[in-house]
Amino acid sequence: MADTRSAVAASTKPKPEEPHMTGHQAYRGRQVHTSSPLELVLLAYEVLSSATHRARIAQQQKDYAAEAGHVQHALAAVTELMNGLDYDAGGTIAANLGSLYLYITRRLLAAQGSNDPAIYDEVIALVNELRSAWTELKARQERPVGSARRAGEPESARVAMAA
């Protein structure tokens, strides 16, 4: 996850033509460096969803340069998610997530070249479903020890991400 922190943090640094960080960039930089691996996954899903939504809007406005930039941002988020997978610890779950991330990558590239907003809608729906599952996992992990669990819920959830 150290690679994810540095890559996400690098994207929050000001460009040479931007000598001062905005408040939002400074906040994101601190957020990246103080987040747990699970929080970084959720942040990557947030970035992916937001960038995909912005790409869809740019496509509708026929602003293809902006669309390409937003797709690149979305692809960077997918790359971070893929780089964070721990195939040894995650086994089949990590492999399935890796396949899904590759599918999302292909769909983002197809959407950009198609002028079909339904493809972006498909990606947004997938990402929102994944983000919801990871949010639920985070909530389970934050549940106080000894609190009631649902029937069949494991004592602790193992994730496909390296801690």
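For the structure itself, look to the data block above.
Remember, it's a predicted structure, so these values are computed and weren't measured experimentally.

**Student:** I keep staring at the overall build of the protein chain and nothing clicks. Help me out?
**Tutor:** Tallying secondary structure elements over the protein chain gives 6 helices and 0 strands in all. Helices (α) and strands (β) of the protein chain occur, in sequence order from the N terminus, as α-α-α-α-α-α. Total accessible area on the protein chain stands at roughly 9,300 Å², and carbon and sulfur atoms take up 55% of it.

**Student:** Explain unusual backbone geometry to me, please; I cannot follow it from the model alone.
**Tutor:** Note: most residues except glycine have negative phi, and most peptide bonds are trans. The phi angle at Lys62 is positive, at roughly 55 degrees, despite the residue not being glycine. Mapped onto the elements, Lys62 comes out in the loop between α3 (37-60) and α4 (64-83). In the Ramachandran plot, Asn115 falls in the positive-phi region, its phi being about 65 degrees despite a non-glycine side chain. One can find Asn115 in the loop between α5 (87-114) and α6 (117-142).

**Student:** Sorry, what's going on with the packing of α3 against α4 here?
**Tutor:** Any two packed helices are characterised by the angle at which their axes cross and by the distance between the axes. Viewed as axis vectors pointing N to C, α3 and α4 meet at an angle of 160 degrees, and their least axial separation amounts to 8 Å. Comparing their axes, α4 and α3 come out roughly antiparallel. Here α3 runs over α4; the crossing is left-handed. Side by side, α3 and α4 meet where Val41, Ala44, Tyr45, Val47, Leu48, Ala51, Thr52, Arg54, Ala55, Ala58 and Gln59 of the first sit next to Tyr64, Ala66, Glu67, His70, Val71, His73, Ala74, Ala77, Val78 and Leu81 of the second. Here the contact of α3 with α4 is composed, by residue class, of 15 nonpolar, 4 polar and 2 charged.

**Student:** Looking at this model, I keep getting lost on α3. Mind explaining?
**Tutor:** Given 3.6 residues per helical turn, the α-helix brings residues three or four places apart onto the same face. Counted at 1.5 Å a residue, the expected span for α3 with its 24 residues is 34 Å, and the 35 Å between its end C-alpha atoms agrees. Of the residues flanking the end of α3, it is Lys62, one or two places downstream, whose phi is positive at about 55 degrees.

**Student:** Can you walk me through the pattern of salt bridges in this structure?
**Tutor:** It is possible for side chains bearing opposite charge to pair when their charged atoms get close. Applying the stated criterion across every chain yields a total of 5 salt bridges. Residue Asp121 pairs with Arg56 through a salt bridge whose shortest N-O separation is 2.5 Å. Taken together, the residues span a long stretch of sequence, with Asp121 in helix α6 and Arg56 in helix α3 at a distance of 65 residues. The salt bridge partner of Glu136 is Arg140, with a shortest N-O separation of 3.2 Å. With Glu136 and Arg140 both in helix α6, this residue pair falls 4 residues apart, about one helical turn.

**Student:** What exactly am I supposed to notice about the environment of Ala118 here?
**Tutor:** Residue position: Ala118 is located in helix α6. Separated by 62 residues in the primary sequence, Ala118 and Arg56 place their C-alpha atoms 8.9 Å from one another.

**Student:** Would you mind showing me how to read α4 here?
**Tutor:** Spanning 20 residues, α4 covers 28 Å between terminal C-alpha atoms, matching the ideal 28 Å at 1.5 Å per step. Along α4, the residues classified as buried are Glu67, Val71, Ala74, Leu75, Ala77, Val78, Glu80 and Leu81.

**Student:** How should the packing of α5 against α6 be read in this particular structure?
**Tutor:** Relative to each other, α5 and α6 sit at 150 degrees, their axes nearing to 8 Å. Here α6 runs roughly antiparallel to α5, going by the angle between their axes. Judged by the sense of rotation from one axis to the other, the crossing of α5 with α6 is left-handed. On the side of α5, the interface is formed by Leu97, Leu100, Tyr101, Tyr103, Ile104, Arg107, Leu108, Ala110, Ala111, Gln112 and Ser114, while α6 contributes Ile119, Tyr120, Glu122, Val123, Leu126, Val127, Leu130 and Trp134. Looking at the contact of α5 with α6, its residues break down into 15 nonpolar, 2 polar and 2 charged.

Cut-offs applied
- Residues numbered from 1 in each chain as written.
- Predicted model: local features only at pLDDT ≥ 70, side-chain atom pairs only at ≥ 80, totals over all residues.
- Heavy atoms only, no water.
- Helix = DSSP H or I, 4+ residues; strand = E, 2+ residues; numbered from the N terminus.
- Areas by Shrake-Rupley, 256 points an atom, 1.4 Å probe, with all protein chains shown as cover.
- Axes fitted to C-alpha atoms, helices over the stretch in contact; angles between N-to-C directions.
- Parallel < 35°, antiparallel > 145°, perpendicular 65-115°, else oblique.
- Left-handed = near helix turned anticlockwise from the far one by under 90°.
- Contact = heavy atoms within 4.5 Å.
- Nonpolar A, V, L, I, M, F, W, Y, C, P; charged D, E, K, R; others polar.
- Expected span 1.5 Å × (residues − 1).
- Salt bridge = Lys/Arg side-chain N within 4 Å of Asp/Glu carboxyl O.
- Buried < 20%, exposed > 50% of the residue type's maximum accessible area, 1.4 Å probe, protein only.

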